[in-house]
Amino acid sequence: MSRRHKLTCGFEELSLSALEMEGNVKGAGGTLPAALFCMRYSSAKKSSVWQQTFHKKYVSLFVNSPYLVYNKVESMCADTVSNSISTFVRKNVKKNGGVFFLGKFQHKVQIIPLGGLGEIGKNMTVFRYGDDMILIDAGLMFPEDDMLGIDLVIPDITYLVENKDKIKGIFLTHGHEDHIGALPYVMKQIDCPVYGTALTLGILQGRLKENGVGNETLHVVKPGDKINTGAFKLDFIRVNHSIPDAVAIAITTPIGVIIHTGDFKIDHTPVDGQVMEFNKFAEYGDRGVLCLLADSTNAERPGFTPSEKMVGQTFDEEFRYAKHRIIVATFSSNVHRIQQVIDTAVKYDRKVAVIGRSMVNVVNIAKELGYLKVPEGVLIDIDETHNYTPEKVVIITTGSQGEPMSALTRMAMNDHKKVDIMPGDTVIISATPIPGNEKLVSRTIDHLYKLGADVIYEKSNGVHVSGHASQEEIKMMHNLVRPRFFMPVHGEYRHLVKHANLAKSLGMPADHIVIGENGSVIELTKSSITISGKVPAGKVLVDGLGVGDVGNIVLRDRRQLSQDGIMIVVVTVDKESCHVVS
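As the structure is a prediction and not an experimental result, all values here were calculated from the model.

This part covers the environment of Ala299. Along the polypeptide, Ala299 turns up in the loop between β21 (289-295) and α7 (309-321). Assessed through its relative accessible area of 0%, Ala299 is described here as buried. When the C-alpha positions of Ala299 and Val497 are compared, they lie 8.7 Å apart, and in sequence the two are 198 residues distant. Not counting chain neighbours up to four residues away, the residues in contact with Ala299 comprise Gln471, Ile474, His495, Lys498, His499 and Leu502.

Attention now moves to the packing of aromatic side chains. Within a pair of aromatic rings, the relevant descriptors are the distance that separates the centres and the angle that separates the planes. Scanning the entire structure with this criterion turns up 3 aromatic pairs. Each ring, one from Phe171 and one from Tyr195, has its centre 4.8 Å from the other, and the planes form 5°; the classification is stacked. You can see Phe171 sitting in strand β14 (residues 167-171) and its partner Tyr195 sitting in strand β15 (residues 194-196), a full 24 residues away along the chain. In this pair, the class of Phe171 matches that of Tyr195, namely buried. Consider the rings of Phe315 and Phe319, whose centres lie 6.3 Å apart with planes at 45°: the pair is tilted. Taken together, the residues Phe315 and Phe319, both in helix α7 and 4 residues apart, mark about one turn of the helix. By relative accessible area, which is 0% here, Phe315 ends up buried. Taken together, the ring pairs connect Phe171, Tyr195 and Phe236 into an aromatic cluster.

Counting residues in hydrophobic clusters, the biggest one holds 63 residues, and the most contacted among them are Leu160, Leu183, Val186, Val194, Leu204 and Phe319. If sequence neighbours within four positions are ignored, Val186 has contacts with Met124, Ala138, Ile157 and Ile170. Listed in part, the 31 residues of the second largest apolar core include Tyr195, Ala231, Phe485 and Val514.

Predicted coordinates in areas of low pLDDT are best not read in detail. The share of residues in the protein with pLDDT of 70 or more is 76%, and the mean pLDDT across the chain is 81. In this model, residues 1-86 is a region of pLDDT below 50 whose contacts with residues beyond four sequence positions or in other chains number 188 contacts. Counting contacts from residues 88-105, a segment whose pLDDT is below 50, to residues more than four positions away or on other chains yields 57 contacts.

Looking now at the side chain of Thr197. The topology assignment puts Thr197 in the loop between β15 and α5 (198-210). With a relative accessible area of 1%, Thr197 lands in the buried category. For Thr197, the side chain forms a polar contact with the side chain of Thr200, separated by 2.9 Å. If we skip the residues at most four places from it in the chain, Thr197 touches Val220, Val221, Asp245 and Val247.

The next thing to look at is the sheet that holds strand β30 (residues 529-534). Sheet architecture is open: 8 strands sit in the order β16-β15-β14-β12-β11-β10-β29-β30, paired in mixed fashion. A single partner strand is all that each edge strand has here, and the edge strands are β16 (218-220) and β30. Between one strand axis and the next, the sheet turns by 25° as a mean value, whatever way the strands run. Sheet topology places strand β11 (residues 124-129) next to strand β12 (residues 132-136); 5 bridges connect them, and they run antiparallel. Among the inter-strand pairings, Phe127 is bridged to a residue of β12, identified as Ile134. The strands touched by α5 within the sheet are β15 and β16, with β16 carrying the most contacts at an inclination of about 160°.

The description of two packed helices rests on the angle between their axes and on the distance between the axes. Where α7 contacts helix α8 (residues 335-347), the two axes come as close as 9 Å, and the packing angle between them is 35°. Handedness of the α7/α8 crossing: right-handed. Within the contact between the two elements, α7 uses Lys309, Val311, Gly312, Phe315, Asp316 and Phe319 and α8 uses Arg337, Gln340, Val341, Thr344, Ala345 and Lys347. The class makeup of the residues in the contact of α7 with α8 is 5 nonpolar, 3 polar and 4 charged.

Nonpolar side chains collect at one region of the surface, where Met567, Val569, Val571, Val573 and Val580 lie side by side and expose about 530 Å² of accessible area between them. Residue Val569 is classed as exposed on the basis of its relative accessible area of 61%.

What follows deals with unusual backbone geometry. The backbone of Lys122 shows a phi angle near 40°, a positive value even though the residue is not glycine. Checked against the element boundaries, Lys122 lands in the loop between β10 (109-115) and β11. A positive phi angle, near 50°, is found at Arg482, a position not held by glycine. Here Arg482 shows up in the loop between α12 (471-481) and β28 (483-489).

Ordered in space as β24-β23-β25-β22-β26-β27, the 6 strands form an open sheet in which the pairing is parallel. In this open sheet, the two strands that pair with only one neighbour each are β24 (379-380) and β27 (454-456). Pairing analysis gives 2 bridges linking strand β23 (residues 351-355) to β24, with the strands arranged parallel. Residue pairing across strands places Val352 opposite Leu379, the latter belonging to β24.

Once that is clear, we can look at the pairing of β12. Here β12 lies mainly inside the structure; 5 of its 5 residues are buried. Along β12, one buried face is formed by Asp132, Ile134 and Ile136 and the opposite face, lined by Met133 and Leu135, is buried too. Counting the residues in the hairpin turn of β11 and β12 gives 2 residues, including Gly130, whose phi is positive at 60°. Taken together, the 4 bridges between β12 and β14 define a ladder with parallel strand orientation.

With that settled, the discussion passes to helix α13 (residues 493-505). Note on helix geometry: an α-helix contains 3.6 residues per turn, so any two residues three or four positions apart are oriented the same way. Between its first and last C-alpha atoms α13 spans 19 Å; for 13 residues at 1.5 Å apiece the expected length is 18 Å, and the two agree. Considered for burial, the residues of α13 that qualify are His495, Leu496, His499, Ala500, Leu502 and Ala503. Around the axis of α13, the buried residues are gathered within 155° of arc, so they sit on the same side. Directly after α13, the chain includes Gly507, whose backbone phi takes a positive value near 105°.

What counts and how
- Residues numbered from 1 in each chain as written.
- Predicted model: local features only at pLDDT ≥ 70, side-chain atom pairs only at ≥ 80, totals over all residues.
- Heavy atoms only, no water.
- Helix = DSSP H or I, 4+ residues; strand = E, 2+ residues; numbered from the N terminus.
- Buried < 20%, exposed > 50% of the residue type's maximum accessible area, 1.4 Å probe, protein only.
- Contact = heavy atoms within 4.5 Å.
- Phe/Tyr/Trp six-rings, centres within 6.5 Å; stacked < 30°, edge-to-face > 60°.
- Core = buried A, V, L, I, M, F, W, Y, C linked by side-chain atoms within 4.5 Å.
- pLDDT = per-residue confidence, 0-100.
- Polar contact = N/O pair within 3.5 Å; in protein donor to acceptor, adjacent residues only side chain to side chain.
- Pairing = 2+ DSSP bridges.
- Axes fitted to C-alpha atoms, helices over the stretch in contact; angles between N-to-C directions.
- Left-handed = near helix turned anticlockwise from the far one by under 90°.
- Nonpolar A, V, L, I, M, F, W, Y, C, P; charged D, E, K, R; others polar.
- Patch = residues over 30% accessible without salt bridge, like charges linked within 9 Å, V, L, I, M, F, W, Y side chains within 5 Å.
- Areas by Shrake-Rupley, 256 points an atom, 1.4 Å probe, with all protein chains shown as cover.
- Salt bridge = Lys/Arg side-chain N within 4 Å of Asp/Glu carboxyl O.
- Expected span 1.5 Å × (residues − 1).
- Arc of directions from axis to C-beta.

Here you go:
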């Protein structure tokens, strides 16, 4: 039996209906089971969502996103409910002068990775509940060997642009380029708050300035801070990584807690003394975690990842025996590594010069924010190195990945304006090649050897440790959090599969694990996790000032030109006689 109530108010006319318990409720927002409906009113002053559930259970009134909940016991039949709706709506329409309509009750969260799955880089993940969306990270990827002329690769953000009014905020886990590098391009098209720790936003501000993007929407957070936005409540948890100020994010949604670890490792002796907040992960595990998204980069590696302090011990040994100038190449964002180079240089009475645009920027930002501690008089300008004998100088540089235009590569090619490699120099490459960069790094090392340098580059020498958790640390994270469902992230496909197998070995059922791809729509409920669809996702190539202008056809033509070359014929023709003159 159905009772219909036609209501006319100041804004528009809508129909509400309550049917038998087995029937449906129809309204502007769609069709719902009779045991579940919601109403909303809008006015010039406020907007609230009222949701009632019945069927001899509880009535919940959700007021103001993210939903202040009031519960009371109700026992009512369909006719009573119908009358209640009618009375409730009539009173409130008159009282509030608003518009009531039925909307769809959301009982699921969508997790939509737009980058970072099946690849190393361009990490970007959307979390959606109803019309509320948040974004975790927005990174870039460096071009592969066959992407000739391409500077950067960023995720396709078509889905974000189409839903930009729903995005409540962008939340950053740390300041590496594969997590923040795409933001200058994203923020040009999407206007929303951006949250990150102090160092993360400090590095980001430099990138935004280079691209002519304002920083008015940036908001600094720290571990322990909580942000409420839309249907989400976010809690920032300190983790260890190869850059300070890295955080995991616990996302409380209306259906449960989702934890995104970001990039992490478990380091019991971190350089800055800030140990990962094991207690916070355990507390969430005790309360119940619906789903875990965790770093998979080192899921193939057994055991534990060594502490960052081990690299400092290696630096000490190399500095002790070096008889000439020392040049250390590392990632510009690896502030802990830079700190250890400076500490060791101070110990052996050497001055430190920094070269490479990104390295100089990060060092200045880290010093200003207090993340890098440098004694007075230790840092000198690169032009001042000529005032000291070589055994008194350390140069910290970019170029650990063999990038063609980086400072170290130009030194190796004898093409740097201010630094020439001299026989006897010790060059320490304190990084592991990113997949795809092996040839570039090898070529740089060969050229350094030809110039007479002593090159230290093997990870077995202890000059580099990873910033990502190995298998035993990954297992510890799972055991702390004890999630109901799991989705491996951040890694090539084999890494995701290995991580999924680790979860299974810990007792997680196979149907509680999802291995997604970029663009997959993963639907998460309290009782299931499934892939339900696809959104646009892929690679956007950045070539100079052009974003997305270069496609596969242009790349194909560039590859053909690089292999076959080009022939240009110059002919001089007499304008009057039309004869070829030369």
